[in-house]
Amino acid sequence: MNYSSTLKIAVLFRAQHRSRKFVHSVQRFFFVTMAGFENEMGRLLSGTAISKEILKNLNDEVQDMSNKLAGFKPGLAIVQVGGREDSNVYIRMKLKAALEIGINAEHIKLPNTTTQIELLSAVRKLNNDPHVHGVIVQMPLDSIHKINSHLITDAVSPEKDVDGLNTINEGKVAIGDLSGFMPCTPNGVMELIRRSGINIVGANAVVLGRSKIVGTPAAELLKWANATVTVCHSKTKNIEEIVARADIVVVGIGVPLFVKGSWIKKGAVVIDCGINSIPDSTKKSGQRLVGDVDFDEAKNNASFITPVPGGVGPMTVAMLMKNTVISAKKTLRKLLSTSWDIVPLPLTIKTPVPSDIEIAHSQTPKDINDLASEIGLLPGEVIPYGNTKAKISLSVMGRLSSHQNGNYVVVAGITPTPLGEGKSTTTLGLVQALVSQKERNAIACVRQPSQGPTFGIKGGAAGGGYSQVIPMEEFNLHLTGDIHAVTAANNLLAAQIEARIFHEATQKDKSLFNHLVPLVKNKRAFSKCQVRRLQKLGIENRDPDSFTDEEIKQFVRLDIDPSTISWNRVIDTNDRFLRKITIGQSPTEKGFTRETSFSISVASEIMAILAIASDLKDLKDRLARIVVGLNKNGEPVTADDLGATGAMAVLLKDAIQPTLMQSLEGTPVLVHAGPFANIAHGCSSIIADKIAMNLIGPEGFVITEAGFGSDIGMEKFFDIKCRSSQMIPNAVVLVTTIRALKMHGGGPPVVSGLPLKKEYVEENLDLVKKGIPNLLKHISNGLKFGIPVVVAINYFASDTAAECELIRSASIEAGAVDAVICKHWAEGGKGALNLANAVITACQKSSSFRYIYDLEESILKKIEKVAIEMYGAATVSMSELVKNKVESLQKQGFGNLPVCMSKTALSLSGDPLLKGVPEGFDLPVTDVYLSAGAGFVVVMIGEISKMPGLPTRPAIYDIDLDPNTGVIEGLF
């Protein structure tokens, strides 16, 4: 009986019994039995045979992973510099083994001109590729340039270092931490020793050689297996005597036939890691391969000995495959796991509550990379902007596309006072409570605030008190530059409109054509956007030099009617003097002047597009569809007609990625986009919500916000955003304050910047009771969409128990799941614990979601339904001019778009002075215009300014920068 037949028996038992422990027992029995045989093959430790068994087991594990997650496969990248044939042989062995067990192995061949920087870049790219679970760099590096191989092996991520050569993994082995990857050859050596059946514990082990790859780690592994280890090297004296006492001999010195048979103790296990070529005239090649041990002599004394070749070599490859599978299994566990290992930051609560900025400065935020890791993001998906904020790559949506979504909750409010009622604060307090108090996965998705209100009178939108985003200065100011990118893209398109009109007016057709399709290196060619225009015009000819005069005219003439241009320039500053301007007054513009205006940047259609796009392709498609005006035939002219699509997309390529920040308690916040709610749809981005839903798992919560009251932000959240995203919320959180209800009950006006009247700081049940109908109307609005509603009573110190109870009982009677007093502003997450409990309960209830209108209905019908159902209007009126615009949009094919109602947030009606629940009123539609890129028709109600102005005393008076510390002062 030989080892091969033994293994066949073991494999047969393995196939029938599926017990690895049983197979190993059988193998040990045969190994021990064969130790007494005179037949020399009976003492072989065949790495070839053992590796086949290991690879078969790995194949089963790979198949099991694929069964757990469809399409999942381990990925191995082998990087080779140059083309050494010996390296090619080793790589082919690795690729063959990977193919056998189902690993996706990629051989990345780099030329011998590769520099160290280029190689490091390639390695880091693989580190960040979520589909690659193992990275090896084939040594030696065959480059004409000097490359530090140690630097390269250390550049491989320890989590993907399946060769086990990164200093971190080597260091772990040295201290007995075997949780990392062990070097493949020493790991294979240990497996061979274990297969011999020898008791390693207490055995005398001698390791010849101290190389980084074999000798040193092999000695460490033997030591941590409780053998007594001696390491011999070129300076060791009396090696023969030392080896003669060894129960286990591991040799890896690169000297052929160095260890003689007489050195080997009777019954010792010999593992030969060497492979050397020596002359042999009997061989056709004139050479043969031998190890560092004289096999023919040593086999007579050894109980078990590895052959060369066919011993350690195949085991090295098998261990490489095993490490790759282990790495893939770790990744799969993370993919399938929905639990976060998140550590909330503790709060130090002070009474009275300090200013927002003082509280923000008192907390030390987590490093943003640590937070990203806690919530399941990979390093390659995180693009840090300093230590406290980072962009999140859209690739995470693809990686986690198989994840089951959790609970989706939208936060809206009642009709607010000019001071706001704390939706952002409640959003953050709720997430803090869910994470820190309930230990649930939860992410807040909020909009980026405009700098206009920040420096004006409203202030920022980071929340407040002990429920806010930090660092609040960065959140409220430039953040990662998204609004500036929107501004640049918007104004680039505006500049192109004027330039095109000017050039068409001052040039003849052929001159214009020659400029638009210039001769470059004696050849003309249409750009991608110009080809799209040709397709739109129905011109099939793609050879510019063969264009007819008619084709040239069709192509070059957009013939924009200046009186129809609806595209304005934008700036992220409150500047009332830009509400109407005249452009083109320089003599160089040859009298081509026209009146136009500036809007604030967040009112740009591009901001709405950023918020509603689902990915980069969708962003580009929407940018292309932007209608800037009409031509002289009354046909829409688009951004793509102007050739601006690609350039705008380039400006927005980073802005489309959400920004990860954190709350005061270290819980995750995704900040993205900032469309105005009284002009656009007023919601945080679809992309941020989708990424958050990917991350939280089936039991988690995404808390997203909708601007202003249910009549504005929430209605557009459902009828516009949800239509695009196909994501339906499980619950609505409706934020109210006693202050706002008193105002709606007939209290004196609430004015920003002035102290509140005594009615608002003293108990007044009568005013609260009279104002409650406004709250009930908003509850009714939420229920009309078929979604459970939870009322959050944002508590102030002057509120009384009786006032709160009045609200609570009325809310529940009106159909709310619950109405909860929330003290998150003063207490952080702990103060929103009851709200968190109520939201969890609401999300468990069944719902029957429905839209307020169908897209197939006419634009006018949609307007009427929103006005009557959401606002309580009796009628809708519009001038003949507006009616004609509506009819024109219908005829142009835009009648199937949702409507985006642009009205005051300070009243359910179109009149900001009408408080409470106005009845029987007429809703005046003063204008309609198309936002084709965003995908809706904007309906203007009354006078809504797209450019706020600065008040008499704007916030800029209090904002300052300490030149010694760089600390921002006076920001709220």
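Look above for the structure.
Quantities reported herein were computed from a predicted structural model and do not represent experimental measurements. (Residues numbered from 1 in each chain as written. Predicted model: local features only at pLDDT ≥ 70, side-chain atom pairs only at ≥ 80, totals over all residues. Heavy atoms only, no water.)

Chemist: Sorry, what's going on with the pairing of strand E4 (residues 204-208) here?
Modeler: Regular strands place their side chains on alternate faces of the sheet. A large share of E4 lies buried, amounting to 4 of its 5 residues. Pairing of E4 with strand E5 (residues 228-232), which is carried by 5 bridges, proceeds in the parallel orientation. Paired with Ala205 across the two strands is Val229, which belongs to E5. Read as a crossover between parallel neighbours, the route from E4 over helix H9 (residues 215-224) to E5 is right-handed. Relative to strand E6 (residues 248-251), E4 runs parallel, the two sharing 4 bridges. Within E6, the residue paired with Leu208 across the bridge is Val251. (Buried < 20%, exposed > 50% of the residue type's maximum accessible area, 1.4 Å probe, protein only. Helix = DSSP H or I, 4+ residues; strand = E, 2+ residues; numbered from the N terminus. Pairing = 2+ DSSP bridges. Right-handed = clockwise from strand over helix to strand, strands pointing away.)

Chemist: I would appreciate a short explanation of the sheet that holds E6 in the present structure.
Modeler: Within a sheet, each strand pairs with its neighbour through backbone hydrogen bonds, oriented either parallel or antiparallel. With parallel pairing, the 5 strands of this open sheet are ordered in space as E5-E4-E6-E7-E10. Here the strands that pair on one side only, and so sit at the sheet edges, are E5 and strand E10 (304-305). Here 4 bridges tie E6 to strand E7 (residues 269-272), and the two strands are oriented parallel to one another. Directly across from Val250, in E7, lies its bridge partner Ile271. Contacts between helix H8 (residues 184-196) and the sheet are confined to E6, E7 and E10, with E7 contributing the most and set at about 155 degrees to the helix. (Contact = heavy atoms within 4.5 Å. Axes fitted to C-alpha atoms, helices over the stretch in contact; angles between N-to-C directions.)

Chemist: When you look at the pattern of salt bridges in this model, what are you seeing that I'm missing?
Modeler: Opposite charge on two side chains allows them to pair when their charged atoms are near. Enumeration according to the criterion identifies 43 salt bridges in this entry. Residue Lys510 pairs with Asp549 through a salt bridge whose shortest N-O separation is 3.7 Å. Here Asp549 lies in helix H22 (residues 549-556) and Lys510 lies in helix H20 (residues 509-516), a separation of 39 residues in the sequence. Between Arg532 and Asp640 there is a salt bridge, and its shortest N-O distance comes to 2.7 Å. Highlighted residues: Arg532 in helix H21 (residues 528-537) and Asp640 in the loop between strand E22 (636-638) and helix H25 (645-651), separated in sequence by 108 residues. With a relative accessible area of 33%, Arg532 lands in the partly exposed category. Residues joined in a network through salt bridges with shared partners are Glu53, Glu191, Arg194 and Arg195. (Salt bridge = Lys/Arg side-chain N within 4 Å of Asp/Glu carboxyl O.)

Chemist: Explain the layout of surface pockets here, please?
Modeler: Left-over empty space is what a probe sized like a water molecule reveals as it rolls over the atoms. Roughly 1400 Å³ of internal volume is contained in the second largest pocket. Residue lining of the second largest pocket: 47 residues in total, with Ser566, Asn568, Asp927, Tyr929 and Lys946 positioned closest to the centre. When contributions to the lining of the second largest pocket are tallied by element, the ones reaching two or more residues are strand E19 (594-596), strand E20 (598-600), helix H23 (605-612), strand E21 (627-630), helix H35 (880-894), strand E31 (922-931) and strand E32 (936-941). (1 Å grid on protein atoms, 1.4 Å probe; cavity = no way out; pocket = protein on both sides within 12 Å on 5 of 7 lines; lining within 4 Å. Points joined across faces, edges and corners; volume = space filled by probe spheres on them.)

Chemist: What exactly am I supposed to notice about empty space enclosed by the protein here?
Modeler: One pass over the structure, following the stated rule, counts 2 cavities of 30 Å³ or more. Lining the largest cavity are Val135, Ile136, Val137, Thr153, Val156, Asp161, Asp163, Leu165 and Asn166. The element contributing the most residues to the lining of the largest cavity is strand E3 (residues 134-137), with 3 residues. Split by residue class, the lining of the largest cavity holds 5 nonpolar, 2 polar and 2 charged. (Nonpolar A, V, L, I, M, F, W, Y, C, P; charged D, E, K, R; others polar.)

Chemist: Mind showing me how you'd approach the side chain of Glu705 here?
Modeler: Locating Glu705 in the fold gives a position in strand E25 (residues 701-709). The exposure class of Glu705 is buried, given its relative accessible area of 4%. Within the local environment of Glu705, its side chain forms a polar contact with the backbone nitrogen of Arg447, the two atoms lying 3.1 Å apart. In this structure Glu705 touches Val410, Val411, Ser424, Thr427, Cys445, Val446, Arg447, Gly682, Cys683 and Ser684, once residues within four positions along its chain are discounted. (Polar contact = N/O pair within 3.5 Å; in protein donor to acceptor, adjacent residues only side chain to side chain.)

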